[in-house]
Amino acid sequence: MAQGTTDFGLPPASGSQNPVLPPPSGSQNPVLPPPSGQRYVPGVGGRFGGETDVPGGSIRPTPPAPRAGSGEIGVVGTVDPTMTTPDAEALDRLSDIAPALRRCWAPPAITGPDTGVMATVRFSLRRDGSLFGQPRVTWETRRTEADLRQRFTDSVVAAVHACTPMRLSPKLGAAIAGRPLSIRFHGRAPSNERPI
């Protein structure tokens, strides 16, 4: 909790007639800051952070913690077996990363009814396009049978390993270096037909 230190006294009561004023200019008794690690910041949590006049407002709620995965770019593209891979020398946009991964992806054979097998892989690249850390599957469909799901996620991770290092333009390499990227892989091309 903030304001755990009371060495410097408590703040005056709300509406006090004796406010604490700063010393006059040039005073020989300046008000020095407290020693390192001891701070009183009114209004930031702690016992004195809220409004005592409002019922239940004596303790101000602390701000929420940063969202998990902050700084993450998010899902930047999707890959499916029917997509075409452009023959570009260097990748210049985020949208070029998913087609580049399709070149190296060998999806497992899917027999029987379409179960909608999908997986999302997260990975980071360095400026030179080499892999930074290990790719990790962060989401997968659960309604698919376990054997197919395992083969599918293994093929997704293998595709990221096989396609790196990627040839990134200097601009794209500088923009995404070290930042987590997520790509969604579909087992079959998304169908535009709706069931009757």
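Residues numbered from 1 in each chain as written. Predicted model: local features only at pLDDT ≥ 70, side-chain atom pairs only at ≥ 80, totals over all residues. Heavy atoms only, no water.

### Digging into the nonpolar core
One broad trend across soluble globular proteins is that nonpolar side chains are buried collectively. The biggest cluster of nonpolar side chains holds 28 residues, and the ones touching the most others in it are Ile 97, Leu 101, Phe 123, Leu 125, Met 166, Ile 183 and Phe 185. Counting only elements with at least two residues in this core, the list comes to β1 (74-79), α1 (97-104), β2 (118-125), α2 (146-163), α3 (170-176) and β4 (181-186). A total of 6 residues in this core trace back to one element, the largest contributor, which is α2. (Core = buried A, V, L, I, M, F, W, Y, C linked by side-chain atoms within 4.5 Å. Buried < 20%, exposed > 50% of the residue type's maximum accessible area, 1.4 Å probe, protein only. Helix = DSSP H or I, 4+ residues; strand = E, 2+ residues; numbered from the N terminus.)

### Observations concerning the packing of α1 against α2
Axis separation between α1 and α2 bottoms out at 8 Å; the angle between their running directions is 100 degrees. The angle between α1 and α2 falls in the class roughly perpendicular. Residues Ala 100, Leu 101 and Cys 104 of α1 pack against Ala 159, Val 160, Ala 162 and Cys 163 of α2. (Axes fitted to C-alpha atoms, helices over the stretch in contact; angles between N-to-C directions. Parallel < 35°, antiparallel > 145°, perpendicular 65-115°, else oblique. Contact = heavy atoms within 4.5 Å.)

### Description of the environment of Ala 90
Note on placement: Ala 90 falls in the loop between β1 and α1. Separated by 80 residues in the primary sequence, Ala 90 and Pro 170 have C-alpha atoms spaced 9.2 Å apart. In this view, Ala 90 contacts Arg 167, Leu 168 and Ser 169; residues no more than four positions away in its chain are not counted.

### What about the state of the cysteines?
For the structure on display, the rule yields 1 disulfide. With its sulfur 1.9 Å from that of its partner, Cys 104 forms a disulfide with Cys 163. Between Cys 104 and Cys 163, the S-S torsion sits near 105 degrees, and that sign places the bridge as right-handed. With Cys 104 in helix α1 and Cys 163 in helix α2, this pair connects stretches of sequence that are 59 residues apart. (Disulfide = S-S within 2.5 Å.)

### A short note on α2
In this model α2 runs 26 Å from its N-terminal to its C-terminal C-alpha over 18 residues, within 8% of the 26 Å that 1.5 Å per residue would give. Taken residue by residue, α2 has Leu 148, Arg 149, Phe 152, Thr 153, Ser 155, Val 156, Ala 159, Val 160 and Cys 163 as its buried positions. End-on, the buried residues of α2 take up no more than an arc of 155 degrees, which puts them together on one face. For α2, the exposed residues set more than 90 degrees away from the buried face come down to Ala 146 and Ala 162. Buried residues along α2 sit against α1, β2, β3 (131-140) and β4. (Expected span 1.5 Å × (residues − 1). Arc of directions from axis to C-beta.)

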